[in-house]
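Below are the chains, spelled out letter by letter.
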Amino acid sequence: MTAPRLEIDLDKIHHNARTLVDRLGARGISVTGVTKAVLGAPEIAAALIRAGVVALGDSRIGNIATLRGARIVAPIMLIRSPMLSQVEKVVAQAETSFNTELDVVSALSQAAIAARRTHGIMLMVELGDLREGIMPGDLESFVHAMLDFPGTALRGIGTNLACRSGVAPDARNMAELSVLADSIDATFGHRLRPRLGSAAGSGLEIVSGGNSANLQWALSGADTGRINDLRLGEAILLGCEPLRRQPIEGLYTDAFTLIAEVIETKVKPSKPWGDIAQTAFGATPTPATDRISEPAAEQSRTTQTILALGRQDIDPDGLLPPAGIDILGASSDHLIVDSGGSRLSVGAEVRFQLNYSALLRAMTSPFVVQVVKTASGCRQSKTKQPPESVQLEFQAAS
Ligand SMILES: *Cc1c(COP(=O)(O)O)cnc(C)c1O
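Owing to the predicted nature of the structure, the values given are computational and were not obtained by experimental measurement.

Enquirer: Requested: an account of the overall build of the chain, with residues and values cited.
Expert: In terms of helices and strands, the chain carries 10 helices and 19 strands. The buried share of the chain, taken over its 398 residues, is 45%. Restricting the contact set of the chain to residue pairs at least 6 apart, pairs at least 24 apart contribute 63%. Carbon and sulfur atoms provide 52% of the accessible area of the chain, an area that totals close to 19,300 Å². The averaged location of the 42 negative side-chain charges in the chain is 5 Å from the averaged location of its 38 positive side-chain charges.

Right under this line is the structure:
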């Protein structure tokens, strides 16, 4: 079979999603399944929907177009602020988007009116991680201004932590989000669109507490307040929580496996020799005394193996090799490993687990083939198509 390839076990992803949907459901929290790490792969999205997620979330409109192209009809949220240049596409493909800028809400409003639709707005609030979000003190005036835009409906508020700065979700910042939701309801509740099946002016429908990093807080037994939704990607796909990267009890951590093939195995000196300058990726020898290595003839020997896998395919720092194999280095196209006592012959395959960064790169690389496995069989997925939004646009030279 072709390599490198990413084996995707849909049943394990389904199990992980179902388990989290059940555990959070018991705490009154629904799950929005986030598909950005898998480029909006429709089969994975369908497994999440079967597992009971209430909506899908993706940060790229191109991935959302992939989902819609595959006739996924679940509600989809764009979980990054729309670009002004893409508001028409956003209104056409996603029911709801995450917003922090009035100019963008205004443009969405115009696009929604032109398309004769109502576009849902989630407002993101900054609670300390210093990524996206309206400062809490500015939220009320933002809502006041946006309620004047026709064609849009405020559906809820949310926050995102533990991404840029690693700020952990806790009782304090989650309580702050609940207080903000209460105060918006108190001030503007009568002007919000009624939720399905409830009286007019019943308040914000969604209070989205965060991502996989919120699980520990949400399942700790702490008061969850107004938080009634979490957006989960990594926890479902990799079965681990992102604050300390610990496996989550009862989930599979091996739904994705990367398989690479050996192209060279040789006994070589254990260190480089010659005058040593920068590597292909800019690493410099430290300390400076390492610049001249021992002559090759005087060194101990090791068996080093090369796999046809590199930085164009994965993030080498995010690969977990099988027991007995150590990763020594990586370039664009070569992964150098030490297989200890056991000799890996040319043509042999080695299976790795991946962290979030390696998974993202493997999914994005055109060189890594995806093989989807289910209980009923195994098949190679379609060749990757560039998502709509990254297709090259040619402009005639003027
Ligand atoms: C990526 C992302 C998520 C999902 O994060 P995970 O850690 O993969 O669960 C949730 N919300 C937003 C805004 C995101 O960008």
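Enquirer: Residue-level account of helix α3 (residues 61-69), with values.
Expert: Given 3.6 residues per helical turn, the α-helix brings residues three or four places apart onto the same face. Within α3, burial applies to Ile 61, Gly 62, Asn 63, Ile 64, Ala 65 and Leu 67. Structurally, α3 contributes buried residues whose contacts are with α2 (42-50), β3 (55-58), β4 (76-78) and α4 (87-93). Of the residues flanking the end of α3, it is Arg 71, one or two places downstream, whose phi is positive at about 60°.

Enquirer: Could you give me a rundown of the site of the ligand, with the residues and numbers involved?
Expert: By nearness alone, 13 residues border the ligand, and Lys 36, Ser 212, Arg 231, Gly 233 and Glu 234 come closest of all. One of the side-chain N or O atoms of Arg 231 is found 2.8 Å from a nitrogen atom in the ligand. Note that an oxygen atom of the ligand is positioned 2.8 Å from one of the backbone N or O atoms of Glu 234. Against a free-state accessible area of 390 Å², the protein chains account for coverage of 94% of the ligand. Looking at the shell around the ligand, its residues break down into 4 nonpolar, 4 polar and 5 charged.

Enquirer: Describe the nonpolar core, and please don't skip the residues or the numbers.
Expert: As a rule of thumb, soluble globular proteins bury nonpolar side chains together. By size, the foremost hydrophobic cluster in this structure holds 93 residues, and its most contacted members are Leu 6, Leu 123, Ile 157, Phe 256, Leu 258 and Leu 354. Viewed by domain, this core spans two of them, domain 1 (10-247) and domain 2 (256-367), each represented by three or more residues. Those residues in contact with Ile 157 that sit more than four places away from it in its chain are Met 122, Leu 123, Val 125, Leu 139, Leu 177, Leu 180, Ala 181, Ile 184, Leu 204, Ile 206, Val 207 and Ser 208.

Enquirer: Please set out the environment of Lys 266 residue by residue, giving values where relevant.
Expert: Looking at the secondary structure, you find Lys 266 in strand β12 (residues 256-269). Owing to a relative accessible area of 45%, Lys 266 belongs among the partly exposed residues under this scheme. Separated by 39 residues in the primary sequence, Lys 266 and Thr 305 place their C-alpha atoms 6.5 Å from one another.

Enquirer: So what's going on with the confidence of the model for the chain? Residues and values would help.
Expert: When pLDDT is low, close inspection of the predicted coordinates is not appropriate. Across the chain, the average pLDDT comes to 91, with 91% of residues at or above 70. Segment residues 386-393 is flagged for pLDDT under 50; beyond a separation of four residues in sequence, or across chains, it makes 10 contacts in the model.

Enquirer: For the pattern of salt bridges, give the residues involved together with the corresponding values.
Expert: Following the criterion strictly, the structure yields 14 salt bridges and no others. Notably, a salt bridge pairs Arg 155 with Glu 205, separated by 2.8 Å at the nearest N-O pair. With Arg 155 in strand β7 (residues 152-158) and Glu 205 in the loop between α7 (171-188) and β8 (206-208), this residue pair connects regions lying 50 residues apart in the sequence. Residue classification places Arg 155 among the partly exposed residues on the basis of a relative accessible area of 22%. Salt bridges sharing partners connect three or more residues here, namely Glu 7, Arg 351 and Lys 373.

Enquirer: Could you give an account of the domain arrangement of the chain, with specific residues and numbers?
Expert: Each assigned domain of the chain is listed with its residue range as follows: domain 1 (10-247) and domain 2 (256-367). In this structure, domain 1 and domain 2 have C-alpha centres spaced 40 Å apart. In this complex, domain 1 contributes 9 residues to the contact, which on the side of domain 2 involves 8 residues. Among the residues of domain 1 in contact with domain 2, Ala 37, Leu 39 and Leu 238 are the three that bury the most area, contributing 55% of the side total. At the junction of domain 1 and domain 2, the tally comes to 0 salt bridges.

Enquirer: Go over the pairing of strand β2 (residues 30-34) with me, naming the residues and quoting the values.
Expert: Of all 5 residues making up β2, 4 are buried, and the element is well covered by its neighbours. Strand direction decides the pairing type here: β2 and strand β9 (residues 229-232), joined by 4 bridges, are parallel. What sits directly across from Ser 30, in β9, is Asp 229. Sheet topology places β2 next to β3; 3 bridges connect them, and they run parallel. Residue pairing for β3: Val 34 is matched across the bridge by Gly 57. Viewed along the sheet, the connection from β2 through α2 into β3 turns out right-handed.

Enquirer: Tell me about helix α10 (residues 356-364), and please be specific about residues and values.
Expert: Residues Ala 358, Leu 359, Ala 362 and Met 363 constitute the buried set of α10. What you see down the axis of α10 is that its buried residues fit within an arc of 130°, all on one side. Buried residues along α10 sit against β1 (5-9), α9 (234-238), β12, β14 (319-320), β17 (349-354) and β18 (369-374). Two or three places before Ser 357, at the opening of α10, Asn 355 has a side-chain oxygen 3.0 Å from that residue's backbone nitrogen.

Enquirer: Quick one: what's the story with unusual backbone geometry, residue by residue and with numbers?
Expert: For the bond running from Ala 3 to Pro 4, omega is -5°, close enough to zero to count as cis. Examined against the element boundaries, Pro 4 turns out to sit in the segment before β1. Of note, Arg 71 is a non-glycine position whose phi angle comes to about 60°, a positive value. Of note, Arg 71 is situated in the loop between α3 and β4. Residues other than glycine seldom take positive phi values, yet Leu 130 does so here, at roughly 55°. Summarising the element assignment, Leu 130 is placed in the loop between β6 (119-124) and α6 (139-146).

Reading guide: rules and limits
Residues numbered from 1 in each chain as written. Predicted model: local features only at pLDDT ≥ 70, side-chain atom pairs only at ≥ 80, totals over all residues. Heavy atoms only, no water. Helix = DSSP H or I, 4+ residues; strand = E, 2+ residues; numbered from the N terminus. Buried < 20%, exposed > 50% of the residue type's maximum accessible area, 1.4 Å probe, protein only. Contact = heavy atoms within 4.5 Å. Areas by Shrake-Rupley, 256 points an atom, 1.4 Å probe, with all protein chains shown as cover. Lys, Arg positive; Asp, Glu negative; His and termini not counted. Charge placed at Lys NZ, Arg CZ, Asp CG, Glu CD. Near = heavy atom within 4 Å. Polar contact = N/O pair within 3.5 Å; in protein donor to acceptor, adjacent residues only side chain to side chain. Nonpolar A, V, L, I, M, F, W, Y, C, P; charged D, E, K, R; others polar. Core = buried A, V, L, I, M, F, W, Y, C linked by side-chain atoms within 4.5 Å. Domains from an automatic or database assignment. pLDDT = per-residue confidence, 0-100. Salt bridge = Lys/Arg side-chain N within 4 Å of Asp/Glu carboxyl O. Buried area = accessible area lost by both parts, 1.4 Å probe. Pairing = 2+ DSSP bridges. Right-handed = clockwise from strand over helix to strand, strands pointing away. Arc of directions from axis to C-beta.

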